[in-house]
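One letter stands for each residue in the lines below.
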Amino acid sequence: GCKKVMSLGIDEGFRNLEHLQVEGSGFTDSGLIAVGKCCRHLLGIDLEGCLRITESGLKKIMEDCRQLRQVNLKNCKCVNLEALAWMVFYRPSLRKLVPPSSCVSEGQKALLLRHGCKIFSCSNS
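For the structure given in this document, a descriptive report is provided here. The model shown is predicted, which means the values in this text are computed figures rather than measured ones.

Reading guide: rules and limits
Residues numbered from 1 in each chain as written. Predicted model: local features only at pLDDT ≥ 70, side-chain atom pairs only at ≥ 80, totals over all residues. Heavy atoms only, no water. Helix = DSSP H or I, 4+ residues; strand = E, 2+ residues; numbered from the N terminus. Buried < 20%, exposed > 50% of the residue type's maximum accessible area, 1.4 Å probe, protein only. Contact = heavy atoms within 4.5 Å. Areas by Shrake-Rupley, 256 points an atom, 1.4 Å probe, with all protein chains shown as cover. Pairing = 2+ DSSP bridges. Phe/Tyr/Trp six-rings, centres within 6.5 Å; stacked < 30°, edge-to-face > 60°. Lys NZ or Arg CZ within 6 Å of the ring centre and 35° of its normal. Disulfide = S-S within 2.5 Å.

Here we look at the overall build of the protein
Each helix and strand counted, the protein has four helices and five strands in total. Taken from the N to the C terminus, the helices and strands of the protein come in the order β-α-β-α-β-α-β-α-β. Burial statistics for the protein: of 125 residues in total, 44% are counted as buried. Of all intrachain contacts in the protein linking residues separated by at least 6 positions in sequence, the fraction that spans at least 24 positions is 61%. Surface summary for the protein: the accessible area is close to 6,500 Å², and the carbon and sulfur share equals 53%.

Quick look at the structure:
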(Lines give C-alpha, C1' and ligand atoms only; values in the text may rest on other atoms or scores of the structure.)
Protein backbone atom coordinates (compact mmCIF):
# COMPACT_ATOMS: atom_id res chain seq x y z
CA GLY A 1 0.00 0.00 0.00
CA CYS A 2 2.97 2.35 -0.44
CA LYS A 3 1.48 4.74 -3.00
CA LYS A 4 4.75 6.61 -3.58
CA VAL A 5 6.75 3.49 -4.49
CA MET A 6 6.95 3.52 -8.31
CA SER A 7 9.82 1.12 -8.86
CA LEU A 8 12.32 -0.94 -6.93
CA GLY A 9 16.09 -0.69 -6.71
CA ILE A 10 16.46 -4.03 -8.42
CA ASP A 11 19.91 -5.37 -9.18
CA GLU A 12 21.55 -8.74 -9.79
CA GLY A 13 20.75 -9.84 -6.22
CA PHE A 14 17.10 -10.15 -7.28
CA ARG A 15 17.67 -12.24 -10.40
CA ASN A 16 16.26 -15.42 -8.79
CA LEU A 17 13.15 -13.68 -7.44
CA GLU A 18 10.10 -15.81 -8.19
CA HIS A 19 7.21 -13.85 -6.68
CA LEU A 20 6.70 -10.12 -6.30
CA GLN A 21 3.84 -8.42 -4.50
CA VAL A 22 3.59 -4.67 -5.04
CA GLU A 23 -0.14 -4.50 -4.35
CA GLY A 24 -1.50 -1.02 -3.76
CA SER A 25 1.74 0.75 -4.55
CA GLY A 26 2.39 3.52 -7.05
CA PHE A 27 4.26 1.02 -9.25
CA THR A 28 4.57 2.18 -12.87
CA ASP A 29 5.47 0.71 -16.25
CA SER A 30 9.11 1.69 -15.70
CA GLY A 31 9.04 -0.38 -12.51
CA LEU A 32 7.72 -3.37 -14.46
CA ILE A 33 10.39 -2.91 -17.10
CA ALA A 34 13.11 -2.91 -14.40
CA VAL A 35 11.65 -6.07 -12.85
CA GLY A 36 11.48 -7.77 -16.25
CA LYS A 37 15.08 -6.96 -17.09
CA CYS A 38 16.48 -8.38 -13.88
CA CYS A 39 13.99 -10.97 -12.61
CA ARG A 40 13.69 -13.26 -15.61
CA HIS A 41 12.70 -16.23 -13.43
CA LEU A 42 9.62 -14.47 -12.04
CA LEU A 43 6.67 -16.86 -11.65
CA GLY A 44 4.07 -14.53 -10.16
CA ILE A 45 3.40 -10.84 -9.74
CA ASP A 46 0.63 -9.15 -7.76
CA LEU A 47 -0.14 -5.71 -9.17
CA GLU A 48 -3.55 -5.29 -7.53
CA GLY A 49 -4.46 -1.62 -7.25
CA CYS A 50 -1.41 -0.38 -9.16
CA LEU A 51 -3.23 2.39 -10.99
CA ARG A 52 -0.30 3.43 -13.21
CA ILE A 53 0.31 0.05 -14.86
CA THR A 54 -0.59 -0.03 -18.57
CA GLU A 55 -0.42 -2.51 -21.43
CA SER A 56 3.02 -1.15 -22.31
CA GLY A 57 4.59 -2.28 -19.03
CA LEU A 58 2.71 -5.58 -19.08
CA LYS A 59 3.93 -6.28 -22.62
CA LYS A 60 7.53 -5.80 -21.55
CA ILE A 61 7.29 -8.04 -18.49
CA MET A 62 5.54 -10.72 -20.58
CA GLU A 63 8.41 -10.59 -23.08
CA ASP A 64 11.14 -10.77 -20.43
CA CYS A 65 9.67 -13.17 -17.85
CA ARG A 66 9.14 -16.31 -19.89
CA GLN A 67 8.12 -18.50 -16.94
CA LEU A 68 5.44 -16.15 -15.60
CA ARG A 69 2.46 -18.16 -14.38
CA GLN A 70 0.33 -15.80 -12.26
CA VAL A 71 -0.63 -12.14 -12.65
CA ASN A 72 -3.08 -10.21 -10.49
CA LEU A 73 -4.36 -7.05 -12.19
CA LYS A 74 -7.37 -6.43 -9.96
CA ASN A 75 -8.25 -2.72 -9.96
CA CYS A 76 -5.50 -1.80 -12.44
CA LYS A 77 -7.70 0.80 -14.09
CA CYS A 78 -5.40 1.52 -17.06
CA VAL A 79 -5.44 -2.08 -18.32
CA ASN A 80 -8.19 -3.09 -20.74
CA LEU A 81 -9.62 -6.53 -21.47
CA GLU A 82 -7.92 -6.81 -24.87
CA ALA A 83 -4.59 -6.85 -23.04
CA LEU A 84 -5.66 -9.99 -21.17
CA ALA A 85 -6.10 -12.00 -24.35
CA TRP A 86 -2.78 -10.78 -25.69
CA MET A 87 -1.05 -11.80 -22.44
CA VAL A 88 -2.52 -15.32 -22.52
CA PHE A 89 -1.72 -15.89 -26.19
CA TYR A 90 1.78 -14.40 -25.95
CA ARG A 91 2.89 -16.08 -22.72
CA PRO A 92 1.76 -19.75 -22.79
CA SER A 93 3.15 -20.33 -19.29
CA LEU A 94 0.43 -18.07 -17.83
CA ARG A 95 -1.99 -20.16 -15.76
CA LYS A 96 -3.81 -17.72 -13.46
CA LEU A 97 -4.90 -14.22 -14.32
CA VAL A 98 -7.03 -11.89 -12.23
CA PRO A 99 -8.47 -9.24 -14.58
CA PRO A 100 -8.61 -5.52 -13.80
CA SER A 101 -12.39 -5.71 -13.42
CA SER A 102 -15.03 -8.37 -13.19
CA CYS A 103 -16.48 -7.63 -16.65
CA VAL A 104 -14.94 -10.66 -18.36
CA SER A 105 -17.70 -12.68 -20.00
CA GLU A 106 -18.02 -16.41 -19.54
CA GLY A 107 -17.25 -16.83 -23.25
CA GLN A 108 -14.01 -14.87 -22.90
CA LYS A 109 -13.06 -16.92 -19.84
CA ALA A 110 -13.73 -20.15 -21.74
CA LEU A 111 -11.62 -19.04 -24.72
CA LEU A 112 -8.66 -18.16 -22.53
CA LEU A 113 -9.05 -21.37 -20.52
CA ARG A 114 -8.68 -23.32 -23.78
CA HIS A 115 -5.23 -21.76 -23.95
CA GLY A 116 -4.44 -23.02 -20.46
CA CYS A 117 -5.11 -19.91 -18.40
CA LYS A 118 -7.80 -19.67 -15.73
CA ILE A 119 -9.35 -16.21 -15.48
CA PHE A 120 -10.52 -15.46 -11.96
CA SER A 121 -13.16 -12.90 -11.23
CA CYS A 122 -12.12 -10.23 -8.79
CA SER A 123 -14.26 -11.80 -6.09
CA ASN A 124 -12.64 -15.29 -6.23
CA SER A 125 -8.99 -14.38 -6.70
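Remarks on the sheet that holds strand β1 (residues 19-21)
Spatial strand order, β1-β2-β3-β4-β5: five strands in an open sheet with parallel pairing. Each edge of the open sheet is held by one strand with a lone partner, namely β1 and β5 (118-119). Inspection of the sheet shows strand β3 (residues 70-72) paired to strand β4 (residues 96-98) by three bridges, in the parallel sense. By the bridge assignment, glutamine 70 is partnered in β4 with lysine 96.

Some thoughts on the environment of isoleucine 61
Examined against the element boundaries, isoleucine 61 turns out to sit in helix α2 (residues 55-64). Excluding residues that lie within four positions of it along the chain, isoleucine 61 makes contacts with Leu32, Val35, Gly36, Leu42 and Ile45.

Overview of the packing of aromatic side chains
Where two aromatic rings form a pair, the distance of their centres and the angle of their planes describe that pair. This model, assessed by the stated rule, comprises one aromatic pair. Judged by centre distance (4.7 Å) and plane angle (10 degrees), the ring pair of tryptophan 86 and tyrosine 90 falls under stacked. You can see tryptophan 86 and its partner tyrosine 90 sitting in helix α3 (residues 81-90), four residues apart, about one turn around the helix. By relative accessible area, tryptophan 86 is classed as partly exposed at 31%. Positioned above the aromatic ring of phenylalanine 120 is the side chain of lysine 118, whose terminal nitrogen or guanidinium carbon lies 5.7 Å from the ring centre.

Things to note about the state of the cysteines
One pass over the structure, following the stated rule, counts zero disulfides. Cysteine cysteine 38 shares no disulfide, and the gap to the nearest cysteine sulfur, in cysteine 39, comes to 4.8 Å. In this model cysteine 50 remains outside any disulfide bridge; the closest cysteine sulfur is found in cysteine 76, 5.5 Å from its own. Look at cysteine 50 and you get buried, because its relative accessible area is 0%.

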